[in-house]
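# Structural characterization, general
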Amino acid sequence: MRRLFLVLFIIFPSLIFSQEKNNPLYTISGKIIDNTTQLPIEDATIIFKSTDLNQIKFGGITNARGKFSIDVEEGTYNASVEYLSYQTKNLNISTITRDLNIGTIELELDTEYLDEIEIIGEKSTLEFKANKLIYNVGKDISAASGVVTDLLNNIPSVSVSPEGEISIRGQKATVMINGKTSTLTKAEAIKSLPAGSIEKVEVITNPGAKYKASTTGIINITLKKGKDEGLNASITTSGGVKDYYGGLLTLNHKSKTVNFFTNTSYSHSNPITTASYKNEYFNNGVSTSFLNEESDFNNKRTTFVSTIGSDFYISKNTTLTTSLNYSNLNYDTSSLTNTNFLDTSHIETSSNERNYLGDFTNEIIEVITEFEHNFKKEGRKITSYVIYTNDEERKNNKVTNSNPNFTNEDYTESVNLTNTIFDLNFESPLSKNSNYAIGYNGEFGNVPFINTESLTNTDINYSENVHQGFIDYEMEGEKLYFNVGLRAEFVEATIDYVNSNTIQLKKYNDVFPSLSIDYSLNNSSSLSVSYRKGISRPTPHDLQPFEEKISETSSYIGNENIDPIYYDLSNLSYVFSKEKITLSSSLFFRRYNDYSQLVTFETGETINGAPKIITTPRNIGKVDQYGIDFTTSFKAFKNLNITAYAILYNFAQTGTYESINTNNEPILLDFNNEIVEGNFSVQAQLKIPTLFNIQINTKHYTDSKGPFSTRKAYTFASAAINKDLFNKDATISLTVDDVFKSRVTDRDRFDTNYFSKSLIENKYRTIILSFTYRFNQSKKDRRIDFDTEKNIKPNY
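Let me sum up the structure you'll find in this document. Per chain, residues are indexed from 1 in the order of the written sequence. With pLDDT at 70 or above as the cut-off, local features in this predicted model cover only qualifying residues; side-chain atom pairs require 80 or more to be listed or tallied, and sums for whole chains, interfaces and linings still use all residues. Hydrogen atoms and water are omitted, and side-chain values are computed over all heavy atoms in the structure.

### Some words on the sheet that holds strand S11 (residues 158-160)
Heads up, the condition is: Pairing between two strands is assigned when DSSP locates at least 2 bridges connecting them. Helix numbering and strand numbering both begin at the N terminus, where a helix is a DSSP run of H or I of at least 4 residues and a strand a DSSP run of E of at least 2.
In space, the three strands of this open sheet follow the order S11-S12-S13, with antiparallel pairing throughout. A strand with exactly one partner marks an edge of an open sheet, and here the two such strands are S11 and strand S13 (171-172). The pairing of S11 with strand S12 (residues 166-168) spans three bridges and is antiparallel. Residue pairing in the sheet places Val160 in a bridge with Ile166 of S12.

### As for empty space enclosed by the protein
Worth spelling out the cut-off: Grid spacing is 1 Å over the protein atoms alone, the probe is 1.4 Å, and a cavity is where that probe fits but cannot get out, while a pocket is an open set with protein on both sides within 12 Å along at least five of seven lines and lining residues have an atom within 4 Å of a point. Grid points are joined across faces, edges and corners, and a volume is the space filled by probe spheres set on the points. Basically, the charged four are Asp, Glu, Lys and Arg, the nonpolar ten are Ala, Val, Leu, Ile, Met, Phe, Trp, Tyr, Cys and Pro, and anything else, Gly included, counts as polar.
A full pass over the atoms with the stated rule returns nine cavities of 30 Å³ or more. Of the pockets and cavities examined, the largest cavity occupies roughly 170 Å³. As for the largest cavity, its lining consists of 18 residues, and the residues nearest its centre are Gly146, Pro194, Ser238, Tyr244 and Gly247. Within the residue set of the lining of the largest cavity, elements represented by two or more residues are strand S17 (230-240), strand S18 (244-254) and strand S19 (258-269). The greatest single-element share of the lining of the largest cavity, amounting to four residues, is contributed by S18. Of the voids in this model, the second largest cavity is the one considered here, and its volume is about 100 Å³. Along its surface, the second largest cavity is lined by 14 residues, and Arg169, Thr205, Asn206, Thr216 and Arg590 are the ones closest to its centre. Elements supplying a minimum of two residues to the lining of the second largest cavity: S13, strand S33 (565-578) and strand S34 (581-593). The residue makeup of the lining of the second largest cavity, split by class, is four nonpolar, seven polar and three charged.

### Topic: the pairing of S18
Put simply, the rule reads: In this scheme, a residue with accessible area under 20% of its type's maximum is buried, one over 50% is exposed, and one in between is partly exposed, where area comes from a 1.4 Å probe on protein chains only.
Burial along S18 is one-sided: the face carrying Tyr244, Gly246, Leu248, Thr250, Asn252 and Lys254 is buried and the face carrying Tyr245, Gly247, Leu249, Leu251 and His253 is not. Pairing geometry for S17 and S18, over 11 bridges, is antiparallel. When the sheet's bridge partners are listed, Thr236 is paired in S18 with Leu248. Where S17 folds back on S18, the antiparallel hairpin that results is connected by three residues, among which Lys242 adopts a positive phi of roughly 60°. Bridge analysis of S18 against S19 gives 10 bridges, and the strand direction is antiparallel. Among the inter-strand pairings, Leu248 is bridged to a residue of S19, identified as Ser265. Hairpin connection between S18 and S19: a loop of three residues separates the two successive antiparallel strands.

### Some points on the pattern of salt bridges
This is how it is decided: One side-chain nitrogen of Lys or Arg within 4 Å of one carboxyl oxygen of Asp or Glu is enough to make a salt bridge.
As enumerated under the stated definition, the model contains 16 salt bridges in all. In this structure, Lys67 and Glu378 form a salt bridge, with 3.3 Å as the shortest nitrogen-oxygen distance. Linking Lys67 in strand S4 (residues 67-73) with Glu378 in the loop between strand S23 (348-374) and strand S24 (381-401), this pair joins segments that are 311 residues apart in sequence. Of the charged contacts in the structure, one is a salt bridge between Glu443 and Lys212, with a shortest N-O distance of 2.6 Å. Taken together, the residues span a long stretch of sequence, with Glu443 in strand S26 (residues 434-452) and Lys212 in the loop between strand S15 (198-204) and strand S16 (218-223) at a distance of 231 residues. With relative accessibility at 14%, the residue Glu443 sits in the buried group. It is possible to trace a salt-bridge network through shared partners that takes in Lys712, Asp746, Asp748 and Lys757.

### A look at the side chain of Arg354
How we decide: Residues count as neighbours in contact if any of their non-hydrogen atoms are within 4.5 Å of one another.
Among the structural elements, Arg354 can be located in strand S23. For Arg354, a relative accessible area of 10% gives the class buried. Residue contacts for Arg354: discarding those within four places in its chain leaves Ser335, Leu336, Thr337, Val399, Thr400, Asn401, Glu409, Lys549, Ile550 and Glu552.

### A word on the environment of Asn270
Within the secondary structure, Asn270 is located in the loop between S19 and strand S20 (272-283). Taking relative accessible area as the criterion, Asn270 reaches 13% and is therefore assigned buried. Put simply, Asn270 and Phe360 are 90 residues apart on the chain and 14 Å apart in space, counted from C-alpha to C-alpha. In this structure, Asn270 is in contact with Lys242, Asp243, Asn298, Asn299 and Lys300, ignoring residues within four places of it in sequence.

See below:
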C-alpha cells in the first residue's frame, strides 16, 4: 500500500495537467553562436512577444551546443534573442504558421552594455534539466561569504555533515571541478575553496557512461571565468568573529584571441569544536566500570588557493586552455582531553590529561592543459585534456599525557601523491536527431606513505594504474530523449609494504552499462527513467593495515583484504513546471553487494579497566535502499522565492561480522537491520528593492538508527543578508551559519558489553561580514524571468 501511494504521488500531477487544452503548436528551432569566436552560446534567451501588448508569450534557452527548439502557438509575434553582455538581436520572423528552422544566429558583444538599464528579470536559482539540477550561485545571497561546504548545504538533495562529508540523497558524492576530478575537492581543500569563486553547481543524480563507474552521484563545481570582453574584476574582503578574515580576487581579460582568468583567495579561521564522551561497560549485563572524556579541539587554519589560466582561441573552431591550480593549506591543531576512569560506584580510580599538538601542511600543484576542436560538420568535435598533480602532505603529531601509565607519542606522517590523467573524447552526429561519443581516460597515480615514530618507521607505497573507455549513444526526438552507454574500466593497484618487503597486487576489470530515457508529456511536464551499474573501490586509507590512535582506548586500523562494492542504481523522475512553480519528484532504488562499512569491536585488551576498541572497514552482506524525494521551487510573490526539499528512504541491510579477539573469544556482530530516515529543508529568499535581500535556510535531519548506533535528530538554520551599493558595483553581505547553535552530532553507540554516548558540536556559530567591489562587471542579468510572464520549458 505504501509503495502504491508513492507511485500515485508522482503520477497524479501528470494525470491532471495532461488534460489541459492546447492550441495548435509549431516548433521553432535554430542555433545561437558568438560572431567572433563562432562558438555556441549556452543559455541564450529566445523570446516571442505579443504584438499588441508586448507581453512575453513563449520562449526558451539554448543548450550547451547553442541549439534551441521551442513550441509556439500559431500567431503573430515580435521575436528576439538576448544574452548577457551581447546586443539584443531581433529575428526576421513574425507570423508562425508552420514548423521553422531559422538556422544559425550570430550575436555581437555589446560594448555599451554596462551603461544600459536592467532588463526584465533574472535567472532562477534552480534549473531542472534531464538527470541534472543546476544551482546558480550568483543568486545565492550567502555566496559572498563562507566556503563551498557552506554553499552546498543550501542545495536541495545535497547534504554536508558536521564532519564535512558531502552526500547526495544520503550517499557519498563525487565532487568535480569544471567537469574534472581534482585534488581541490579533497576534504581539506574543499573546506578552503571560497563560495564567491563559483559560478554554478551541477548535481547529477545518475551519471551516465561518460563518468567514472565509482560515482553514485556527482557535484560538479564550475569556477568563475569571465566572459565579457576587456578587463573585468572583483575584490572581496571578509571578516568574522573568533579570528576569521580573508579575501578573494577574481579577474579576467578577454580579447578576440585570448581570455586570461584567475581566482585567488586567502583565508584565516579558528573553529573550535567540543566533544563529550560518556561510556559504560558491562559483563553479563552488570556494570563493571565507567569512562568519561571531555575534549576541546582548537583548529587554526590558514589557506591560500589560486587558479590562473588562459583560453587561446587558435581559430574559430579550435581552443587551447592552460591553467594552474595552486593550494597551500596550513592547519595548527591543538586539543586537550580530560579522561576519568570510574568504578561501579562512580568513584574515580584514575585520570589523565591528554595534550595533542598537530601541525598539518599541504601543498598542491595541479597543471591542466585542455584542447577542443569543432569540425565543419555541425556537432562533430574532439576534446582532450591532461592533468598533472603533485600533492604533498606532512603532519607532525605530538601527544603528552599526565598519567605515567599512558604512552607519550611523537611521530610524523608524510604523503606525497603524484598523479597524471589523460582524457580523449570524440563526438559526432549520426543523424539529425542522434549522435554518438567515444572516449578514453587513463589515470596513473603513486601515493607513498611514511609514518615515522621514535623507534619505528612505516613505509607504504600505493600505486594505481587505471585504463577506462566508454561509448555513448544519444537520440533526441520532439518528445523523447534516449541515452544508452557502456563503460569498461581496468584497474591495477599495487601496495608495497617496504618494511616487510611484501607486495600486494589488486586487479579490477569490469564493464558497466547505463541507460536514460526522458519523455515530455506536454509543454509543462516530463517523465524520465534511468539505470546504472557501478563500483566503489577501497581507498588507500581503507587498505593501510596499521593502527591509528584516536584516544587512549580507541584506534582505527585499515583492512588490506577489503573488496570493492558493486551496486545497481535506478531512478524514476517526474518534473512539472508551470508559471510560478516547479515541482520535481523521484523514486529511486539502489542495491549494494559486498557492502563495506566501519565495524567497531572490543579487542579483548583493557586499559585502566576500560576495554580497548578497534574500528576497521569490513565487507558486510548486502544493502537495499529505496525512497522518494521531492523538490519544489515556488515564486510566492514578485520578490519572494521559496525552495523546499524532502527525502525519505528505507535502508535495509543483511549480513554479520565474525572474528576472534586477542583473548581467543568469538566476536559476532549482527548487522541485519532495516530503518527509515530522511531530511527536509526550506529556503526562502526575500528581495526588498533599494533596501536589502535576505535569505534563510533551514534543514532538519531525522534519527538515524543502526544495529549498533543511533544518531539523534537535529535541526539547524543559516541566514544571510546583503545590500547593493554604488549603482550595483558593490555588495555588502552578512552571513550567519548555525544561527541557533543546534548543528550537533548526538550519537549513542552500543553492544552487549558497552554503551557510549557522544556529543560533538562547534563552540561558536560562524558570523562573517564581507564586502565585494566589481570593476567593469555588472550584477545585471539580461535573461528573462519567464515566471513573471509565462513559464516556458524548452525542448532541446
